[in-house]
Amino acid sequence: MSTESKSIDEKKILRDLMKSVIHKKLYERGIKCEVAGEGEKADILLKSSGITIGKVFIILSDDDDLSFLKGEAENSQVYIAFEKGREKEIISKLLSLGLAGKIKFITWEIKINFQ
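For the structure given in this document, a descriptive report is provided here. Just so we're clear, the structure is a prediction, and the values are computed from it rather than from any experiment. (Residues numbered from 1 in each chain as written. Predicted model: local features only at pLDDT ≥ 70, side-chain atom pairs only at ≥ 80, totals over all residues. Heavy atoms only, no water.)

1. Examining the sheet that holds strand β2 (residues 44-48)
Read from one edge to the other, the open sheet built from five strands follows the order β1-β2-β3-β4-β5, with strand pairing classed as mixed. Only two strands of the sheet have a single partner each, and these edge strands are β1 (33-35) and β5 (103-108). Each adjacent strand pair in this sheet contributes to an overall mean axis angle of 25°, direction not counted. The sheet strands contacting helix α3 (residues 87-97) are β4 (77-83) and β5, and the helix crosses β5 at an angle near 160°. (Pairing = 2+ DSSP bridges. Helix = DSSP H or I, 4+ residues; strand = E, 2+ residues; numbered from the N terminus. Axes fitted to C-alpha atoms, helices over the stretch in contact; angles between N-to-C directions. Contact = heavy atoms within 4.5 Å.)

Following this line, the structure appears as structure tokens:
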């Protein structure tokens, strides 16, 4: 298996894991949501009475292009989920796109203890 395909597999596993965790946490807080289908850009859709009122996008790498969020933020509330500690970098990108203050954050910190 090449290094590139291994990296892609790891990203897919992490994205699926984060979808599951975020979906569960939102549901526990009383927010109706569903994991988005293959045709959607978003990873999770927030719903009210069957209507999409918000979208969650999971950002995994530094080179992810955030310009697509500009159109998404006009139509519904947008949340981006990313690893804790990357706030300055993400805010800088959002400021350059004119999206500061329009997008809400969900951060995660994963700690693995090998014993």
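Now that the structure has been shown, we can carry on.
2. Quick look at the nonpolar core
With 14 residues, the main nonpolar core has Leu69, Ile80, Ile90, Leu94 and Ile103 as its most contacted residues. Listing elements by their share of this core, those giving two or more residues are β4 and α3. With residues near it in sequence (within four places) discarded, leucine 94 still touches Leu66, Leu69, Ile80, Leu99, Ala100, Ile103 and Phe105. Residues Ile22, Leu26, Val56 and Ile106 belong to the second largest nonpolar core, which totals 12 residues. (Core = buried A, V, L, I, M, F, W, Y, C linked by side-chain atoms within 4.5 Å. Buried < 20%, exposed > 50% of the residue type's maximum accessible area, 1.4 Å probe, protein only.)

3. Considerations on the pairing of β4
Here strand β3 (residues 51-58) runs beside β4; their pairing, made up of five bridges, is parallel. Paired with phenylalanine 57 across the strands is isoleucine 80, a residue of β4. Regarding the hand of the β-α-β motif, the stretch spanning β3, helix α2 (residues 69-75) and β4 is right-handed. With six bridges connecting them, β4 and β5 associate as parallel partners. For phenylalanine 82, the partnering residue across the bridge sits in β5 and is threonine 107. For the segment spanning β4, α3 and β5, crossover handedness is right-handed. (Right-handed = clockwise from strand over helix to strand, strands pointing away.)

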